[in-house]
Amino acid sequence: MRSDRPGNDCSSSSSASASARGPSASRVSAFTDRQFRDALSQFATGVSVICAPGPHGRFVGLTANSFNSVSLDPPLVVWSLNRRSTSLAAFEKTEHYAINVLAHDQTDLARRFSRPHADRFEGVEFRLGAAGAPLIGGCIAWFECRHHALHRAGDHVLFIGEVTTCGRKNGAGLVFHHGRFGSTHPPG
Ligand SMILES: Cc1cc2nc3c(=O)[nH]c(=O)nc-3n(C[C@H](O)[C@H](O)[C@H](O)COP(=O)(O)O)c2cc1C
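Calculation criteria
Residues numbered from 1 in each chain as written. Predicted model: local features only at pLDDT ≥ 70, side-chain atom pairs only at ≥ 80, totals over all residues. Heavy atoms only, no water. pLDDT = per-residue confidence, 0-100. Contact = heavy atoms within 4.5 Å. Salt bridge = Lys/Arg side-chain N within 4 Å of Asp/Glu carboxyl O. Helix = DSSP H or I, 4+ residues; strand = E, 2+ residues; numbered from the N terminus. Buried < 20%, exposed > 50% of the residue type's maximum accessible area, 1.4 Å probe, protein only. Pairing = 2+ DSSP bridges. Polar contact = N/O pair within 3.5 Å; in protein donor to acceptor, adjacent residues only side chain to side chain. Near = heavy atom within 4 Å. Areas by Shrake-Rupley, 256 points an atom, 1.4 Å probe, with all protein chains shown as cover. Axes fitted to C-alpha atoms, helices over the stretch in contact; angles between N-to-C directions.

### Regarding the confidence of the model for the protein
When pLDDT is averaged along the protein, the result is 89; 84% of the residues meet or exceed 70. A low-confidence stretch, residues 1-8 stays under pLDDT 50, and its non-local contacts, those more than four residues away or across chains, total three contacts. Scored below 50 in pLDDT, residues 13-22 shows eight contacts in the model against residues more than four places distant or in partner chains.

Have a look at this one:
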């Protein structure tokens with residue numbers, strides 16, 4: 001169904017082959033970046049911090065809401081990373097990383113891992129998973145992943161990971177919706 005309300009619909013003549021070529025290749029848009037972002041922001045997501053071993057014995061980690069499930073057999077998950085990320089080289093190099101799903105009371109961590117910081121892990125409680133990636137304390141779920149596939153897609157890189165271990169605990173999750181943090185209210 002098509003909406004005729006001005007300002008509320010998005011359309012583009014971009015073809016699949018054009019979008020595979022890279023950012024903005026041959027795209028004729030009837031919507032602005034703002035309209036695209038605003039429409040996307042209506043999709044409520046959970047919030048994760050994705051961590052990996054980095055250079056010089058340190059770790060890299062960033063806040064990401066692009067995490068999602070892909071396959072149960074084999075167990076695959078996906079997330080996307082901006083090609084401008086300072087962590088891109090580390091994630092392209094590592095064989096293993098960890099996805100930490102934030103609890104409702106971890107907004108400070110979500111902010112910290114989405115902003116420049118001398119050491120994002122300073123003062124953060126974490127332990128190392130079996131493959132050496134940080135598992136952050138207080139999270140409601142975690143997934144340790146082995147690199148499975150990588151696809152360049154526009155201005156982001158899609159990472160597909162095979163889950164090697166995972167865990168969960170009860171508790172409300174942190175939610176990101178329309179540019180704001182909120183909370184889920186699960187039954188238990
Ligand atoms: C709620 C939320 C979700 C985000 N999701 C993503 C994401 O999925 N992928 C991404 O590349 N950046 C995402 N960002 C932005 C990064 O966290 C931010 O750009 C961060 O500074 C990147 O750090 P880095 O350059 O050290 O990798 C998100 C930010 C917020 C606040």
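Next comes the rest of the description.
### What about the pattern of salt bridges?
Evaluated as defined, the whole model comprises three salt bridges. Among the ionic pairs, E162 bridges to R146, the shortest N-O distance being 3.7 Å. Linking E162 in strand β10 (residues 156-168) with R146 in strand β9 (residues 141-153), this pair joins segments that are 16 residues apart in sequence. Given a relative accessible area of 35%, R146 falls into the partly exposed group.

### Thoughts on the sheet that holds strand β11 (residues 174-177)
Strands sit in the order β1-β11-β12 across an open sheet of three strands; the sheet is antiparallel. Pairing within the sheet leaves two strands with one partner each, and these edge strands are β1 (45-46) and β12 (180-183). Taken together, the four bridges between β11 and β12 define a ladder with antiparallel strand orientation. Bridging across to β12, F176 finds its partner in F181.

### Quick look at the side chain of Q106
Turning to its location among the elements, Q106 is positioned in the loop between β6 (96-101) and α4 (107-112). Separated by 3.0 Å, the side chain of Q106 and the backbone oxygen of G137 make a polar contact. When residues no more than four places from it in sequence are discounted, the contact partners of Q106 are V101, I136, G137, G138, C139 and L174.

### Overview of the environment of F59
Tracing the chain through its elements places F59 in strand β3 (residues 59-64). For F59, a relative accessible area of 26% puts it in the partly exposed group. Each C-alpha atom of the pair F59 and F121 lies 7.8 Å from the other, and the pair is 62 residues apart in sequence.

### Regarding the site of the ligand
In the vicinity of the ligand lie 15 residues, with S66, N82, S85, T86 and S87 positioned nearest. In the model, a nitrogen atom of the ligand is placed 2.9 Å from a nitrogen or oxygen of the S80 main chain. In this structure, R120 approaches the ligand through a side-chain N or O atom, which is 3.0 Å from an oxygen atom. Burial of the ligand by the surrounding chains reaches 78%, relative to a free accessible area of 650 Å². Contributions of two or more residues to the shell around the ligand are made by β3 and β5 (76-82).

### Quick notes on the sheet that holds β9
What links the strands of a sheet is backbone hydrogen bonding, and the strands pair in either a parallel or an antiparallel sense. Pairing within the open sheet is antiparallel, and its seven strands lie in the order β3-β2-β6-β9-β10-β5-β4. Edge strands, defined here as strands with exactly one partner in the open sheet, are β3 and β4 (68-71). Each strand axis lies, on average, 35 degrees off the axis of its neighbour in the sheet, ignoring direction. Relative to β5, β4 runs antiparallel, the two being bridged by three bridges. The residue bridging S71 from the neighbouring strand is L76, located in β5.

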